[in-house]
Amino acid sequence: MPAVTEPLALYIHWPFCLAKCPYCDFNSHVRDRVDEARFGAALRRELAHEAARVGRRPLASIFFGGGTPSLMSPDTAAALIEDARRLFDPAPDMEVTLEANPTSVETSRLAAFRDAGVNRASLGVQSLDEAALRFLGRRHDVGQAIAALEAARAIFPRLSFDLIYARPGQAEAAWRAELRQALALAADHLSLYQLTIEPGTQFATLHGRGDFALPEGDDAARLYFATAEEAARFGLRSYEVSNYAKPGAESRHNLAYWRYGDYLGIGAGAHQRVLLEGRMIATRRHRAPEEWAARVERGGHAAVEEEALAPADRAREALLMGLRLAEGIDPARIEARSGVPFAEAVDPAMLAALLDEDYLAWTEAGRLRATEEGILRLDALLPVLLR
Amino acid sequence: MTDTPLDLIRNFSIIAHIDHGKSTLADRLIQATGALSAREMKEQVLDNMEIERERGITIKAQTVRLTYPAQDGKTYVLNLMDTPGHVDFAYEVSRSLAACEGSLLVVDASQGVEAQTLANVYQAIDAGHEIVPVLNKIDLPAAEPDRVKQQIEDVIGLDASDAVMISAKTGLNIEGVLEAIVTRLPPPSGDASATTKALLVDSWYDAYLGVVILVRVKDGFLKKGQRIRMMSSGAVHTIEQVGVFKPKLVPTDSLGPGEMGYVTAAIKTVADTNVGDTITDDRNPAAEPLAGFKPSIPVVWCGLYPVDADDFEKLRESLAKLRLNDASFHYETETSAALGFGFRCGFLGLLHLEIIQERLSREFDLDLIATAPSVVYKVHQTNGEMFELHNPADMPDGSVLDHIEEPWIKATIMLPDDYLGPVLALCNERRGQQVELTYVGARAMLVYRLPLNEVVFDFYDRLKSVSRGYASFDYQMDGYSEGDLVKISILVNNEPVDALSFMAHRSQAERRGRQICEKLKELIPRQLFKIPIQAAIGGRVIARETISALSKDVTAKCYGGDISRKRKLLEKQKEGKKRMRQFGKVEIPQSAFIAALKMDA
Ligand SMILES: Nc1nc2c(ncn2[C@@H]2O[C@H](COP(=O)(O)OP(=O)(O)OP(=O)(O)O)[C@@H](O)[C@H]2O)c(=O)[nH]1
Ligand SMILES: C[S@@+](CC[C@H](N)C(=O)[O-])C[C@H]1O[C@@H](n2cnc3c(N)ncnc32)[C@H](O)[C@@H]1O
Ligand code: SF4
Ligand SMILES: [Mg+2]
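Model, not experiment: these values are computed from the prediction. (Residues numbered from 1 in each chain as written. Chains lettered and ligands numbered in written order. Predicted model: local features only at pLDDT ≥ 70, side-chain atom pairs only at ≥ 80, totals over all residues.)

Enquirer: Give a detailed account of the overall build of chain B, specifying residues and quantitative values.
Expert: From N to C terminus, chain B includes 14 helices and 33 strands. The proportion of buried residues among the 601 residues of chain B is 49%. Residue pairs in contact within chain B that sit at least 24 positions apart in sequence constitute 70% of those at least 6 positions apart. (Helix = DSSP H or I, 4+ residues; strand = E, 2+ residues; numbered from the N terminus. Buried ≥ 20, exposed ≤ 12 C-beta atoms within 10 Å, placed from the backbone. Contact = placed C-beta atoms within 7 Å.)

As structure tokens, then:
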């Protein structure tokens, strides 16, 4: 096993939102009042607890996700960033991302977040179409979204935003137009998600009883290719299934997940994976915010599940994440991160068939990657390829 | 307890066409004689198998012993046998008839005589039965008792002037049925002092009692502790328990002549209990066995395979236990390239096949795949040898084949005149030859010779749909004739699936081949690769379809919090793949084959 030189990525979860969006299955909760001091303190305590466990290491990125972390006070964010800088060895160009919703309240505080140490914003714009925003149950309109983007662009060196497409009845031409408008707003990074019906959401109920239908199969595939085409015209390259960036502007934090790097996850419902003494320890925390805080207050952390993953599981995880990336996987790294030689992690006959079908390809550098056609079918490809 | 004088015993079967109300009448007779309390009573109480209750049909004949104080002041013992109505379970009926002296012929007064009414009543006449016609469902506004009486006289040739008019549902005139049983049906004959002779009518496996056998005593007695001998196998056992059906099993000291009841005797070997066998006393055996039953001859065969190869032994044991309870079902081991080790099983028809499959999966918790049903062909080879082909996969290649004979049936179809046109068209499309067309009022009785092969393939469904459910159907085997038959192979991803190959008349080959290819195209989910599906005769492709590759299947969002969930999903998908068959690089869910194989059942 290689020594613990793997830099860390730190995820911090803020589990509150102003309202629950009908498509969303994230661990987010709506509260009339949030005891900011209490949750801030608990986050800091859990961070300290995990830092003591994993030891001092290089820290490459911090990501405030949610929920809606832009509802958190910038002071809380500042304290957490400061703690992290003290507990770890921050990389000189450490990436610190904040997810923000484009409501005016949040936009007004963006500068304070920059002062706290945030250097990258990820805005949940979701659409540049008023009707679509209403359908998605968003609390902002197109005007506010654009204002937020402009403000964020002026404040942060790096900017990304999210759009949800393949919405009911969305025609390819309309999506291309909306996307072009978005690309013109000059972000260096975009997350473009096809709308997914997640079990247990309000949309699952509506969709289940036939209130609306989504583009599927060939239509969804066409929209997907159109998306990559439009992004490419503006110099944004598809580097992951749903993520597009100018070269060098990729989200370093999210790349850590896809490259199966070590990451800490702090906060309600957060997940964590760290290689400790050759064992990949997977941790999951209590999802209910108040219970999570109570547990942290009692014992320093709120892990509800913790296990050392078996080598075969690690190989599967490393591959299922890595093949989402355009750069693909490095067989040597798969072995280093899982302890399973690459050749044993995949079914050789299926690997050959998938290469033959041009769903997979070897790069000159000896990496295995899914082609555009392969990525499009990744969920079907993985169970066939992996052992 | 069972030293009832013979003249106070009546043994009778209830026979009828499907759904004419046999089991409901049995309910009323059980109730009227107080055999079960109101609390124990439920509709069609004798249909105790789960499948019988779900489908509302009787599959197994059932026996109950009733006591009835008649109007003549004497108390009678009535042994009632409720029988199934469907043609596939005719063997149950024939065995019940052999155990009785009389029958109640139930006819639905709104529907009249149907195909199985005829088939069953002729069997009863052949068995020498006294027959009491019972017109049921006279509560229905559509009931036409007079017309139906006339029909019974015209079509069956039975005097229906004294037919008992009842409603089994409302309980109207059940007393009339009971009186007819004691006054019009004959008592059994038998000799109490002669050596023991009892007919083995049925057997089954009971979790507490082990093998239980249903007997009809002809002469002498069966007693606890007695050493008995099975005359055909020579096997000897000591009786542990004898008793009667009330309808629960109630032990008695002995069973005397003319009686029906059960025997347990620590029987371990299933082969020791052959229905139709004669049971006698080991120390004082009878010289001659009773007449017994004609063995049943399966007309439809198919392969049954465990989905999980490890279940093969369990399947073998389960088949043995089922066979104990169903002598009309046959099986032998076979192997298939696509499906592994399994059994070739013979049935009396498609419903029988379906029921056995269901019972195996429910009662024995087995997951099975069944291959396409096939009839038995006689294959004549150029060297003059002939063999019986039970499995299309065993067809020899063209060079050694001389000719093939296929089984034909004589079918009786009864239907309202209005539907005659489409039914004739259906029979002709299936290569039928009309034998007879007669009328009873507005009802036509059509007799056709048909190749059994054509009936096995979705004939019932088509008949039902073209006649809006008004046609009834019965058949008997009617010899073999030469036919222009070919074997059609199905290839998935260019590999033959032996379990899907089937025989068909050359004139039907293309249509049938296309049908199954289309069906498979619908059933096989799109995958990573495109999948060609072909039907071929020898090397010649007669139909083809292509399943195109799936177009998009990828999770949009997958971050640090999603990894565990994704991996677990992946593990589940891999687990699911164990249920798939590999054809080169494509995997086909077994459920698709099963559904394709079911399409004509
Ligand atoms: N209206 C009316 N319906 C009846 C009468 N007798 C039976 N039925 C109904 O007819 C249907 C069939 O009754 P069963 O007693 O199951 O018929 P069966 O002859 O035993 O049927 P198989 O065993 O499948 O051949 C049921 O829905 C009964 O409720 C009757 O006298 N009047
Ligand atoms: C944690 S959420 C964003 C956080 C932030 N609260 C917001 O709503 O802007 C990350 C992104 O996932 C995307 N997303 C969430 N649920 C989705 C779904 N069901 N289908 C597609 N995209 C979804 C949205 O674009 C969302 O911005
Ligand atoms: S999409 Fe964002 S704002 Fe909406 S409920 Fe989910 S986390 Fe909260
Ligand atoms: Mg019945």
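Enquirer: Describe in detail the sheet that holds strand β13 (residues 249-252) of chain B, supporting the description with residues and values.
Expert: Residues and elements named next belong to chain B. Reading across the sheet, the 8 strands line up as β11-β10-β16-β7-β8-β15-β12-β13 and stay open at both edges, with antiparallel pairing between neighbours. Taken across any chain shown, the strands that pair with only one partner, and hence form the sheet edges, are β11 (236-238) and β13. Looking at each pair of strands side by side, their axes are set apart by 40 degrees on average, direction ignored. Note that strand β12 (residues 241-245) and β13 share 4 bridges and pair antiparallel. Looking at β13, one finds that Val244 is bridged to Val250. Taken strand by strand, helix α7 (residues 312-325) contacts β7 (197-206) and β8 (210-219), and its axis lies near 140 degrees from that of β7. (Pairing = 2+ DSSP bridges. Axes fitted to C-alpha atoms, helices over the stretch in contact; angles between N-to-C directions.)

Enquirer: Give me the lowdown on the interface of chain A and chain B, citing residues and values where you can.
Expert: Each partner contributes to the interface: chain A provides 39 residues, whereas chain B provides 24 residues. Elements represented by at least two residues in the side of chain A that touches chain B include exactly β6 (189-194), α9 (217-233), α10 (252-258), β9 (262-266), α12 (311-322), α15 (348-356), α16 (372-376) and α17 (378-385) of chain A. The element contributing the most residues to the side of chain A that touches chain B is α17 of chain A, with 7 residues. Class assignment for the residues of the side of chain A that touches chain B results in 24 nonpolar, 7 polar and 8 charged. (Nonpolar A, V, L, I, M, F, W, Y, C, P; charged D, E, K, R; others polar.)

Enquirer: Before we move on, can you summarise the sheet that holds strand β1 (residues 9-16) of chain B with the specific residues and values?
Expert: Residues and elements named next belong to chain B. Strand order in the open sheet made by the 6 strands is β2-β3-β1-β4-β5-β6, with mixed pairing throughout. Sheet topology places β2 (62-69) and β6 (164-165) at the edges, where each strand pairs with a single neighbour. One ladder, built from 2 bridges, connects strand β5 (residues 130-136) with β6; its direction is parallel. Considered in β6, the bridge of Val134 is made with Val164. Contacts from helix α1 (residues 22-32) reach β1, β2, β3 (75-82), β4 (102-108) and β5, with the element oriented near 155 degrees to β3. Relative to the sheet, helix α4 (residues 115-126) contacts β1, β4 and β5, its axis offset from that of β1 by approximately 155 degrees.

Enquirer: So what's going on with the packing of α15 of chain A against α17 of chain A? Which residues, and what values?
Expert: Residues and elements named next belong to chain A. Look at α15 against α17: their axes get within 9 Å of each other, and the N-to-C directions meet at 145 degrees. Contacts between α15 and α17 involve Met350, Leu351 and Leu354 on the former and, on the latter, Leu381, Val384 and Leu385. Of the residues assigned to the contact of α15 with α17, the class counts are 6 nonpolar, no polar and no charged.

Enquirer: Tell me what's going on with the pairing of strand β11 (residues 279-285) of chain A, and back it up with residues and numbers.
Expert: All names here are of chain A. Relative to β11, strand β10 (residues 271-276) is paired through 6 bridges, and the arrangement is antiparallel. Pairing of Leu275 across the sheet is with Met280, part of β11. As consecutive antiparallel partners, β10 and β11 are separated by 2 residues, and within that stretch Glu277 has a phi angle of approximately 50 degrees, a positive value. Relative to strand β12 (residues 303-308), β11 runs antiparallel, the two sharing 5 bridges. When the sheet's bridge partners are listed, Thr283 is paired in β12 with Glu306.

Enquirer: Mind laying out helix α5 (residues 145-156) of chain B, listing which residues take part and the relevant values?
Expert: Residue and element names in this part refer to chain B. Given a rise of 1.5 Å per residue, 12 residues ought to cover 16 Å, and the 16 Å separating the end C-alpha atoms of α5 matches this to within 8%. Along α5, the residues that are buried comprise Val148, Lys149 and Ile152. Burial along α5 is one-sided: seen end-on, the buried residues are contained in an arc of 105 degrees. Immediately downstream of α5, the backbone of Gly157 shows phi near 80 degrees, a positive value. (Expected span 1.5 Å × (residues − 1). Arc of directions from axis to C-beta.)

Enquirer: Give me the lowdown on the UniProt feature "binding site: GTP" (unreviewed entry) in chain B, citing residues and values where you can.
Expert: Residues and elements named next belong to chain B. UniProt marks Asp19, His20, Gly21, Lys22, Ser23, Thr24, Asn136, Lys137, Ile138 and Asp139 with the feature "binding site: GTP" (unreviewed entry), using the numbering shown here. Topologically, His20 is positioned in the loop between β1 and α1. Residue His20 is classed as buried on the basis of its 29 C-beta neighbours within 10 Å. When near neighbours in sequence (up to four residues on either side) are disregarded, His20 contacts Gly85, Val106, Val107, Asp108 and Asn136. Following the sequence through the fold, Lys22 ends up in helix α1. With sequence-adjacent residues up to four places away left out, Lys22 is seen in contact with Ile14, Ala16, Thr58, Asp82, Thr83, Gly85 and Val106. (UniProt positions renumbered as here; feature names shortened; annotations may be inferred.)

Enquirer: Help me get a handle on the site of ligand 2, residues and values and all.
Expert: Residues in contact with ligand 2 amount to 19 residues; listed here are only the nearest, Tyr23, Gly124, Asp162, Tyr193 and Thr196 of chain A. Near ligand 2, residues from chains A and B are present, making the site a shared one. Residue classes in the shell around ligand 2 are distributed as 8 nonpolar, 7 polar and 4 charged. (Near = placed C-beta within 6 Å.)

Enquirer: Please set out unusual backbone geometry residue by residue, giving values where relevant.
Expert: Here the bond from Gly66 of chain A into Gly67 of chain A is cis, since omega is 15 degrees, no more than 30 degrees from zero. Looking at the element boundaries, Gly67 of chain A is found in the loop between β2 (58-66) and α2 (74-87). The residue after Lys246 of chain B, namely Pro247 of chain B, is reached through a cis peptide bond having omega -15 degrees. Looking at the secondary structure, you find Pro247 of chain B in the loop between β12 and β13. Its identity as a non-glycine residue notwithstanding, Glu277 of chain A has a phi of 50 degrees, on the positive side.

Enquirer: Can you lay out the nonpolar core for me, pointing to particular residues and giving the numbers?
Expert: Ranked by internal contacts, the top residues of the largest apolar core, which has 281 residues, are Leu381 of chain A together with Leu105, Val134, Val177, Val215 and Ile413 of chain B. In terms of residues, this core owes the most to one element, strand β23 (residues 401-416) of chain B, which gives 7 residues. Dropping the residues within four chain positions of it, Leu381 of chain A is found in contact with Leu354, Tyr359, Ala370 and Gly374 of chain A together with Leu528 of chain B. (Core = buried A, V, L, I, M, F, W, Y, C linked by C-beta atoms within 7 Å.)

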